[in-house]
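Here is what each chain is made of, one letter per residue.
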Amino acid sequence: MGNIFSTTSAGKETRYRPIIGVVMCENTVDENPALTVHEKYLDAIFNANALPVCLPHELAAREGAIDQILRGLDGIFLTGSPSNIEPHQYGEEGVEELADPGRDRLSLQLIRATLDKKIPLFAACRGLQELVVATGGSLHRKVQDVPGYSDHREDTTLPHDEQYALVHPVHIEPGGLLSELLPDYQQFQVNSLHGQGANRLGEVLTVEARAPDNLVEAVSVRNHPFALGVQWHPEWHSLTDPVSRQLFEAFIAACRKGHQARSAQEE
């Protein structure tokens, strides 16, 4: 990884690059079980001047491993995924065809530990849904089948880049974290590539933004330095999209601030 400190000619530390834990997804590569993460998520962390570290699912099965790994991390980023959370995780019956039970176990445990330790957390798409479930909420399993809601899935017949095009606006709720982070935006356009969505929220979550059909598009955790989930994919063009850039910069700034506070306590 190299030196995680940038230094001036005088040898003083000028900018610490926070270390961000990133969840992965179960896949098969050359007929072997594998854990993978799209480079776009890692690039978004690198571009915000932080260092991503990928977290294996096995951490959830090893006693004390999550607490130990969190001692070396400054933040957690929960990525999107083609998979969905299994319904038993939020009190419903049925089988989820696109399941990733290893990711479910890790993410839900990781979120609860991260929130307990007041470590900054940023969640995208499936990550928002994990944040909802981990804090006692539930999901719409197929948003497109719920009366009153639009179809928020991507059009898979389009070229890949066009599937990530901005397709609908979100309206920011006043007085929340998003309105603070994005003071120049009351609403803005987002991409939409999800079949599930937030249904009932736990008591610790605040709605930060909604889609035109009133579906929850962003949530934050009350009484936490930075815990934000968005239903869209902010990592897509995170350098050139002003909203995405500001969100990643704010997340990394919170991680850096938390690191500095912990370092001061240890001195």
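The structure we're discussing is the one just above.
Let me sum up the structure you'll find in this document.

Calculation notes
- Residues numbered from 1 in each chain as written.
- Predicted model: local features only at pLDDT ≥ 70, side-chain atom pairs only at ≥ 80, totals over all residues.
- Heavy atoms only, no water.
- Helix = DSSP H or I, 4+ residues; strand = E, 2+ residues; numbered from the N terminus.
- Contact = heavy atoms within 4.5 Å.
- Salt bridge = Lys/Arg side-chain N within 4 Å of Asp/Glu carboxyl O.
- Buried < 20%, exposed > 50% of the residue type's maximum accessible area, 1.4 Å probe, protein only.
- Pairing = 2+ DSSP bridges.
- Axes fitted to C-alpha atoms, helices over the stretch in contact; angles between N-to-C directions.

Quick notes on the side chain of His 194
Working step 1: By the element assignment, His 194 lies in the loop between strand 11 (187–190) and strand 12 (197–198).
Working step 2: If we skip the residues at most four places from it in the chain, His 194 touches Cys 125, Gln 129, His 152, Arg 153, Glu 154, Leu 215, Glu 217 and Gln 231.

Topic: the pattern of salt bridges
Working step 1: Considering all chains together, one arrives at nine salt bridges under this definition.
Working step 2: The shortest N-O distance in the salt bridge between Arg 62 and Glu 58 comes to 2.8 Å.
Working step 3: Lys 117 serves as the salt-bridge partner of Asp 67, at 3.6 Å between the closest nitrogen and oxygen. One end of the pair, Asp 67, is in helix 2 (residues 65–70); the other, Lys 117, is in the loop between helix 3 (101–116) and strand 8 (121–124), and 50 residues separate them in sequence.
Working step 4: Look at Asp 67 and you get partly exposed, because its relative accessible area is 36%.
Working step 5: Several salt bridges converge on common partners, so that one network encompasses Arg 103, Asp 104, Arg 126 and Glu 130.

Digging into the sheet that holds strand 13 (residues 205–210)
Working step 1: Taking strand neighbours across the sheet as the criterion, the nine strands line up as 6-3-7-8-15-14-13-10-11 in an open arrangement whose pairing is mixed. Of all strands in the sheet, those with a lone pairing partner are strand 6 (51–55) and strand 11, marking the two edges. Within this sheet the neighbouring strands show an average axis-to-axis angle of 25°, counted without direction.
Working step 2: As paired elements, strand 7 (residues 75–78) and strand 8 share three bridges and run parallel to each other. Within strand 8, the residue paired with Leu 78 across the bridge is Ala 123.
Working step 3: Taken strand by strand, helix 1 (residues 39–47) contacts strand 3 (19–23), strand 6 and strand 7, and its axis lies near 145° from that of strand 6.
Working step 4: Across the sheet, helix 7 (residues 242–266) lies against strand 3, strand 7, strand 8, strand 11 and strand 15 (227–230), angled at about 145° from strand 7, the strand it touches most.

So, the pairing of strand 15
Working step 1: The alternating pattern of strand 15 places Ala 227 and Gly 229 on one face and Leu 228 and Val 230 on the opposite face, and all of these are buried.
Working step 2: As paired strands, strand 14 (residues 216–221) and strand 15 are joined by three bridges and run antiparallel to one another. By the bridge assignment for strand 15, Ala 218 is matched with Val 230.
Working step 3: Where strand 14 folds back onto strand 15 in an antiparallel hairpin, the turn is made up of five residues, including Asn 223, whose phi is positive at roughly 55°.

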